[in-house]
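One letter stands for each residue in the lines below.
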Amino acid sequence: RAASAALACLMATGCPGDLPALARPSPPSGDGMDTANSTPYTRGMNLEYGPVKNSDGMYAIRKCNGAAQPNCVSTSSTTRLYAPPFTATNTDTVAQAMEEFDIAIKSIDPGVSLVDSEDNLPLGGMYRRYSVPSPLSEIDYVEVLITASETEPSVFYKSQASKTTIIHISMFDTTHNLFPPTPWELNAAASVGFSITMFRFVIAFLVSVPVSIGLRYVPTALGRHIYAIVTGFALIYYPFGSGCFHSLVTATVVYAFMVLVPDSCGILAWMFAFPYLIGNHIYQASGMSWKEGNLDFTGAQMVLTLKLVAVAMCRQDGRRKRQQLHAYGESKKLESLPSVFEYYSYLFSAGSLLSGPFFEAKDYFDYMERRGDWEGKIPSPLIPGLYRFGKALCCAAVWMYFTNRGLNVDFIESEYWRHELPLVLRLASLWATVVVYRFKYYAVWTVSESCMVFSGLGYRKTDEDGGARWDRYITSHIRQVELNPSLADTPRHWNICTGLWLRHYVYERLSKPGDKPSFFNMMVTQLVSGVWHGVFAGYWLFFATSAFMFQASRLLYKYELHWDSKWRNFLPWYWTKIVMTALVLDYAGSAFMVLSFHESLLIWRSTYYVGHVWIAVMLLLGVIMPPKKSDNTKNKKE
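Note that the structure is predicted; figures quoted are calculated from it, not measured.

The rules we used
- Residues numbered from 1 in each chain as written.
- Predicted model: local features only at pLDDT ≥ 70, side-chain atom pairs only at ≥ 80, totals over all residues.
- Heavy atoms only, no water.
- Helix = DSSP H or I, 4+ residues; strand = E, 2+ residues; numbered from the N terminus.
- Buried < 20%, exposed > 50% of the residue type's maximum accessible area, 1.4 Å probe, protein only.
- Contact = heavy atoms within 4.5 Å.
- Areas by Shrake-Rupley, 256 points an atom, 1.4 Å probe, with all protein chains shown as cover.
- Pairing = 2+ DSSP bridges.
- Patch = residues over 30% accessible without salt bridge, like charges linked within 9 Å, V, L, I, M, F, W, Y side chains within 5 Å.
- Salt bridge = Lys/Arg side-chain N within 4 Å of Asp/Glu carboxyl O.
- pLDDT = per-residue confidence, 0-100.
- Phe/Tyr/Trp six-rings, centres within 6.5 Å; stacked < 30°, edge-to-face > 60°.
- Expected span 1.5 Å × (residues − 1).
- Polar contact = N/O pair within 3.5 Å; in protein donor to acceptor, adjacent residues only side chain to side chain.
- Axes fitted to C-alpha atoms, helices over the stretch in contact; angles between N-to-C directions.
- Parallel < 35°, antiparallel > 145°, perpendicular 65-115°, else oblique.
- Left-handed = near helix turned anticlockwise from the far one by under 90°.
- Nonpolar A, V, L, I, M, F, W, Y, C, P; charged D, E, K, R; others polar.

*Asks:* I tried to follow the overall build of the protein chain on my own but got confused; where do I start?
*Replies:* Counting its secondary structure elements, the protein chain contains 23 helices and 9 strands. In the protein chain, which comprises 638 residues, the share counted as buried stands at 56%. Counting contacts in the protein chain only where the partners sit at least 6 residues apart, residues at least 24 apart contribute 71% of the total. When the accessible surface of the protein chain is totalled, it reaches about 28,500 Å², and 62% of it is carbon and sulfur.

Given below as structure tokens:
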């Protein structure tokens, strides 16, 4: 019988330092103590777990991301993958393991003291609660539960800390669920190395496929709206618990704007929904949490924010004159206020908040009422739906296979990658790692795309005879992203539906109808995209870099316009552009993966800032030798 203990903390005001990368550390040797740091945890490549001393000589339970957020470790449950447990050694009983842990934790600091204990729990478990001096508050509480196991030790528990015995709940807390994890869920999550929120998300995500199929067969419009609301809310409540009530708060406020001030409801939605999302990002430190394999409602709130802004802007457009609108705004405007059922149905719509994609309210209402392309009988979506679902499984297999074999964020953050590999291998492995990382998104988005197809919402009628296409809302074009000779063209094929939203609700609206968008429009759009993703520096570094990256690519295209066609289409030059695009894109994309400003600069410096050098050279060349203006716009795509 093996005994183990898992340790985690919940600081009252946050934790200092850097959040460790996601990895499985080696079990401690000897007496289970890391002698270099006098903690009961292991220390590995770029990893620090457990109570450690910071630069001020004070102890903290675990070093975390520096953002002000109280739940630097999951407030619901942990696994070996997320909070690697302290493993007792040279012991055969729970009591011996608890005694060893007690000695280990008390050796960290004289101020550690036992404040509560309980024995004879199920599975022979023993519980202890310790108070630990904290550099950020008066005291932290650490809870530990040790149970016996016939297999690999794994402990799930809830860990909370505050200055009082009352658990502090803030307006952004997203951790409470009326359906606590069951033993089978905990065991299944541990077997695949998922946190419980990640495991539940995957279950809900897969269930959303048959739910979407069911939506197509509800006979009445009202029935479809009710079905969408009930199933959609259930699918997000299962993994996210009380976090899903954020959707009700923001949705209700924005609907009030649409009722009371329809002429300005779009602007007010921007002013309310976006700051609310940013508040969630800051409180949850969502990027780092996702990086470690834990999910919260912030991801769903991101999709919801796109919908809230879009539906409110479309309602605002419905109150304006045609000459005040861009062509797209004219085509999607809402001339009447959606009913409450229509509005909430659009927002929840059978699990679409789990991962998107974004779609327009007018298209959705036409679909639900069977108007326009959906009037009459909708062709069978079985073959195109199964094709997309199979494609998603293949993408997931690629991501899991190569990630588990080392092409992951830990690798490019490692000292080995930065100092041991030659430059060519560093660049090649950086490219491969970011490509593998994207396959996770391809998998998730393609499942979402299959839901759109199975429900019928992805249907597009192409002719009077009923010719069918299923590409109304496509999430990505993998080949055009990975093998594109133009950086400026790449965004058209990546996260297409979000790109559609950014183009029509940010980029175009920064200019008056008829005016040509400027570089300022591009820069603001990229920064909005960065803030929408989260408040971590890595997001902003990537999207700010990409604005200049796209501008440099446009310059190259303008130079090519004056070349002879045989040189523009010269095969070696074509493939050189593909390699260059992939290299610069994935160089910049590494910041999106690691999130930390410090780690992003370390990676870029290790590659001698190759991406920024290329961008700077192209932009400087455009200043010194600007491309000639051309009247030939026949093949111009930009």
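Read on, since the account is not over.
*Asks:* Just checking my understanding: could you explain the pairing of strand S6 (residues 125-132) for this structure?
*Replies:* Taken residue by residue, a regular strand's side chains alternate between the two faces of the sheet. The buried count for S6 comes to 8 of 8 residues, which makes it a mostly enclosed element. Here S6 shows two buried faces, one formed by Gly 125, Tyr 127, Arg 129 and Ser 131 and the other by Met 126, Arg 128, Tyr 130 and Val 132. Pairing of strand S5 (residues 113-121) with S6 involves 6 bridges; the strand directions are antiparallel. When the sheet's bridge partners are listed, Leu 121 is paired in S6 with Gly 125.

*Asks:* Quick question: what am I supposed to make of a nonpolar patch on the surface here?
*Replies:* Together, Leu 620, Leu 621, Val 623, Ile 624 and Met 625 give the surface a local cluster of nonpolar side chains, amounting to about 520 Å² of exposed area. Examined against the element boundaries, Leu 620 turns out to sit in helix H23 (residues 610-624). The class of Leu 620 is exposed, set by a relative accessible area of 51%.

*Asks:* Help me understand the confidence of the model for the protein chain in this model?
*Replies:* Close reading of the predicted structure is inappropriate where its pLDDT is low. Of all residues in the protein chain, 73% have pLDDT values of 70 or greater, and the mean over the chain is 76. Across residues 149-175, confidence stays below pLDDT 50; counting only partners more than four residues off in sequence or on other chains, it has 74 contacts. Contacts for the low-pLDDT stretch residues 633-638, under 50 throughout, to residues beyond four places or in other chains number 6 contacts.

*Asks:* For this particular structure, what's the right way to read the side chain of Thr 498?
*Replies:* By the element assignment, Thr 498 lies in helix H17 (residues 496-507). Residue classification places Thr 498 among the buried residues on the basis of a relative accessible area of 9%. With residues up to four places along the chain from it excluded, the contact list for Thr 498 reads Leu 306 and Trp 532.

*Asks:* Could you clarify how one ought to interpret the pattern of salt bridges in this entry?
*Replies:* Pairing of side chains with opposite charge becomes possible as their charged atoms draw close. Scanning the entire structure with this criterion turns up 21 salt bridges. Note that Asp 363 and Lys 332 form a salt bridge whose closest N and O atoms lie 3.0 Å from each other. Separated by 31 residues along the polypeptide, Asp 363 in helix H11 (residues 361-369) and Lys 332 in helix H9 (residues 327-332) bring together distant segments of the chain. Take Asp 363 and Lys 332: they sit in the same class, and that class is buried. Linking Arg 472 and Asp 363 is a salt bridge whose minimum nitrogen-to-oxygen distance equals 3.9 Å. With Arg 472 in the loop between strand S9 (468-469) and helix H16 (478-482) and Asp 363 in helix H11, this pair connects stretches of sequence that are 109 residues apart.

*Asks:* Can you help me understand the packing of aromatic side chains in this one?
*Replies:* Two measures describe an aromatic ring pair: the distance that separates the ring centres and the angle between the ring planes. In total, this model carries 42 aromatic pairs according to the counting rule given. Their ring planes at 70° and their centres at 5.8 Å tell us that Phe 233 and Phe 348 sit as a pair that is edge-to-face. Taken as a pair, Phe 233 in helix H4 (residues 221-240) and Phe 348 in helix H10 (residues 340-348) lie far apart in primary sequence, 115 residues in all. Overall, the relative accessible area of 3% leaves Phe 348 in the buried class. Note on Trp 563 and Trp 573: the rings are 5.5 Å apart at their centroids and 50° apart in plane angle, and the pair reads as tilted. Of this pair, Trp 563 sits in the loop between helix H19 (537-560) and helix H20 (565-568) while Trp 573 sits in helix H21 (residues 571-594), placing them 10 residues apart in sequence. Given the relative accessible area of 22%, Trp 573 is considered partly exposed. Taken together, the ring pairs connect Phe 233, Tyr 237, Phe 245, Tyr 255, Tyr 343, Tyr 344 and Phe 348 into an aromatic cluster.

*Asks:* Hey, could you run me through helix H18 (residues 519-533) in this one?
*Replies:* Structural remark: α-helix, 3.6 residues per turn; residues separated by three or four positions point the same way. End to end, H18 covers 21 Å across 15 residues, agreeing with the expected 21 Å (1.5 Å per residue, within 8%). For H18, every residue scored as buried is listed here: Asn 521, Met 522, Met 523, Thr 525, Gln 526, Val 528, Ser 529, Gly 530, Trp 532 and His 533.

*Asks:* Is there a simple way to explain helix H22 (residues 597-606) in this structure?
*Replies:* Among the residues of H22, Glu 599, Ser 600, Leu 602, Ile 603, Trp 604 and Ser 606 are the ones counted as buried. Structurally, H22 contributes buried residues whose contacts are with helix H13 (409-413), helix H14 (415-419), helix H15 (423-455), H19, H21 and H23. Backbone nitrogen of His 598 and a side-chain oxygen of the N-cap are separated by 3.2 Å at the start of H22; the cap is Ser 596. Of the residues flanking the end of H22, it is Tyr 608, one or two places downstream, whose phi is positive at about 60°.

*Asks:* How should I be thinking about the side chain of Ser 476 in this particular structure?
*Replies:* Checked against the element boundaries, Ser 476 lands in the loop between S9 and H16. Ser 476 gets classed as buried once you look at its relative accessible area, which sits at 4%. Discounting chain neighbours no more than four positions away, the residues touching Ser 476 are Tyr 442, Trp 445, Glu 449, His 493, Asn 495 and Ile 496.

*Asks:* Any chance you could explain the environment of Glu 449 here in plain terms?
*Replies:* Following the sequence through the fold, Glu 449 ends up in helix H15. Once the C-alpha coordinates of Glu 449 and Ser 476 are considered, the two residues, 27 residues apart in sequence, prove to be 9.3 Å apart. With residues near it in sequence (within four places) discarded, Glu 449 still touches Arg 388, Tyr 473, Ile 474, Thr 475 and Ser 476. Within the local environment of Glu 449, its side chain forms a polar contact with the side chain of Thr 475, the two groups lying 2.8 Å apart.

*Asks:* Just checking my understanding: could you explain the packing of helix H3 (residues 196-216) against H4 for this structure?
*Replies:* At a closest axis distance of 8 Å, the pairing of H3 and H4 adopts a crossing angle of 165°. The angle between the axes of H3 and H4 places the two elements in the roughly antiparallel class. By crossing handedness, the relation of H3 to H4 is classed as right-handed. Residues Thr 197, Arg 200, Phe 201, Ile 203, Ala 204, Val 207, Ser 208, Pro 210, Val 211, Gly 214 and Leu 215 of H3 touch H4, and the partners they reach there are Arg 224, Tyr 227, Thr 231, Leu 235, Tyr 238, Pro 239 and Phe 240. Partitioning the contact of H3 with H4 into residue classes produces 12 nonpolar, 4 polar and 2 charged.

*Asks:* It is not clear to me how unusual backbone geometry should be interpreted in this structure. Could you clarify?
*Replies:* Residue Pro 357 is bonded to the preceding Gly 356 through a cis peptide linkage, with omega at 5°. Along the chain, Pro 357 turns up in the loop between H10 and H11. The backbone phi angle of Leu 595 is positive, close to 70°, even though this residue is not glycine. Assignment of secondary structure puts Leu 595 in the loop between H21 and H22. Its relative accessible area of 2% is what places Leu 595 among the buried residues. Its identity as a non-glycine residue notwithstanding, Tyr 609 has a phi of 50°, on the positive side. Within the fold, Tyr 609 resides in the loop between H22 and H23. Judged by relative accessible area, Tyr 609 falls into the partly exposed class, the value being 33%.

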